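Structure assessment
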Amino acid sequence: MNKINHALIMAAGRGTRMAPLTNIIPKPMAPLWGSTLIANGIKKLIPHIANLHITVGYKGAELAKHVIELGVHSVFNTEGKGNSWWIFNTLMSNLNEPVLVLTSDNVTDLAIDLILDDYNRLGAPACMVVPVLPIEGLVGDFIHHEKNRVIKLDRNDPAEAYCSGIQIINPYKINQLMSAAEDFGEVWGNLIQQEELFSSSIFPDKWFTVDTIEQLTQMNSQQS
């Protein structure tokens with residue numbers, strides 16, 4: 001595969017840390033740079049990805065209308081479901097090719113072609129997570145690997161990188177390897193056991209999430 005044809009932004013969460021704003025609007029519609037958080041991600045992906053998909057949940061009708069107007073190609077309602085539910089229970093389950101997956105609060109610049117080259121170099125596994133450098137004091141899943149094959153994800157055992165919330169997955173391969181799961185933690189754990197979870201050698205050019213900003217703000221206020 002020499003091109004990624006599908007990307008999916010997971011945007012179903014409520015974003016309780018951003019209350020009271022998210023009592024009124026869904027977190028992905030939070031204002032950012034004169035637009036919205038999710039519009040920023042969509043704008044960066046649409047020129048490079050032929051098919052863009054979104055999961056919605058909290059205030060899903062409002063968010064679905066917003067992203068359809070921005071040009072996304074399909075919307076999956078995952079309200080009340082786990083973050084990996086869509087892999088097993090939507091039309092995406094039959095997709096036997098790489099899908100770029102991001103969370104809605106990722107504000108990042110990605111070298112998509114380089115990430116895909118790395119994914120192919122690693123043998124096009126069922127899943128490849130994209131790492132970032134740890135930020136001191138921020139919670140993250142540290143990635144322990146041997147020649148890119150992940151052997152452990154652990155929040156309490158530091159390593160040189162942790163998960164960014166960005167990954168490439170092959171939904172069909174995952175469905176062939178395991179039963180349906182609601183949560184990515186369960187998916188990753190199963191794939192680690194089957195040696196099908198890898199970590200990319202390519203880091204985002206620029207990366208932060210809304211959660212990193214919120215955690216840093218809380219840390220600074222507690223230290224003041």
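Quick summary incoming for the structure in this document. (Residues numbered from 1 in each chain as written. Predicted model: local features only at pLDDT ≥ 70, side-chain atom pairs only at ≥ 80, totals over all residues. Heavy atoms only, no water.)

1. As for the environment of proline 125
Convention followed: Comment: elements are numbered from the N terminus, with helices defined as DSSP H or I runs of at least four residues and strands as E runs of at least two. Throughout, exposure labels follow a simple rule: accessible area from a 1.4 Å probe, protein chains only, divided by the maximum for the residue type, with under 20% read as buried, over 50% as exposed, and the rest as partly exposed. Any two residues whose heavy atoms approach within 4.5 Å at even a single point are treated as in contact.
Here proline 125 is to be found in the loop between helix H4 (112-121) and strand S8 (127-132). On the accessibility criterion, proline 125 (2% relative accessible area) is buried. Distance in space between the C-alpha atoms of proline 125 and lysine 173 is 8.1 Å, their sequence separation being 48 residues. Excluding residues that lie within four positions of it along the chain, proline 125 makes contacts with Tyr119, Asn170, Lys173, Glu196 and Phe198.

2. A word on the packing of aromatic side chains
Rule in force here: Any two of the Phe, Tyr and Trp rings considered here, Trp counted by its six-membered ring, make a pair once their centres fall within 6.5 Å; the pair's planes then place it as stacked at under 30 degrees, edge-to-face at over 60, or tilted in between.
Enumeration over the complete set of coordinates arrives at 2 aromatic pairs. Ring geometry for phenylalanine 184 against tryptophan 188: centres 5.6 Å apart, planes inclined by 35°, an arrangement best described as tilted. On the criterion of helical spacing, the pair formed by phenylalanine 184 and tryptophan 188 is a turn pair, its members being 4 residues apart in helix H6 (residues 184-193). Looking at tryptophan 188, the relative accessible area reads 14%, which means it is buried.

3. So, the side chain of serine 84
Locating serine 84 in the fold gives a position in the loop between strand S5 (74-77) and helix H3 (85-89). We classify serine 84 as buried; its relative accessible area is 0%. For serine 84, the contacting residues outside a window of four places in its chain are Ala181, Glu182, Asp183, Phe184 and Val187.

4. A few points about helix H2 (residues 60-69)
To keep things clear, this is the line we draw: The arc in question is the one traced by the directions running from the helix axis out to the C-beta atoms.
Here H2 has its buried residues at Gly60, Leu63, Ala64, His66 and Val67. Looking down the long axis of H2, one finds its buried residues gathered within 165° of arc, a one-sided arrangement. Among the exposed residues of H2, those pointing more than 90 degrees away from its buried face are Ala61, Lys65, Ile68 and Glu69. Looking at the buried residues of H2, the elements they touch are strand S1 (6-11), strand S3 (35-36), helix H1 (37-45), strand S4 (51-56) and S5.

5. Details of the pairing of strand S10 (residues 149-154)
Worth spelling out the cut-off: The pairing criterion for strands is at least two bridges between them, as found by DSSP.
Pairing analysis gives 5 bridges linking strand S9 (residues 142-146) to S10, with the strands arranged antiparallel. Bridged to histidine 145 within S10 is valine 150.

6. Some words on H6
Residues Phe184, Val187, Trp188, Leu191 and Ile192 constitute the buried set of H6. For H6, the arc enclosing every buried residue in end-on projection is 130°, short of the 170-degree limit, so these residues lie on one face. Of the residues flanking the end of H6, it is glutamate 195, one or two places downstream, whose phi is positive at about 60°.

Don't take any of this as a statement about function, it's just geometry.
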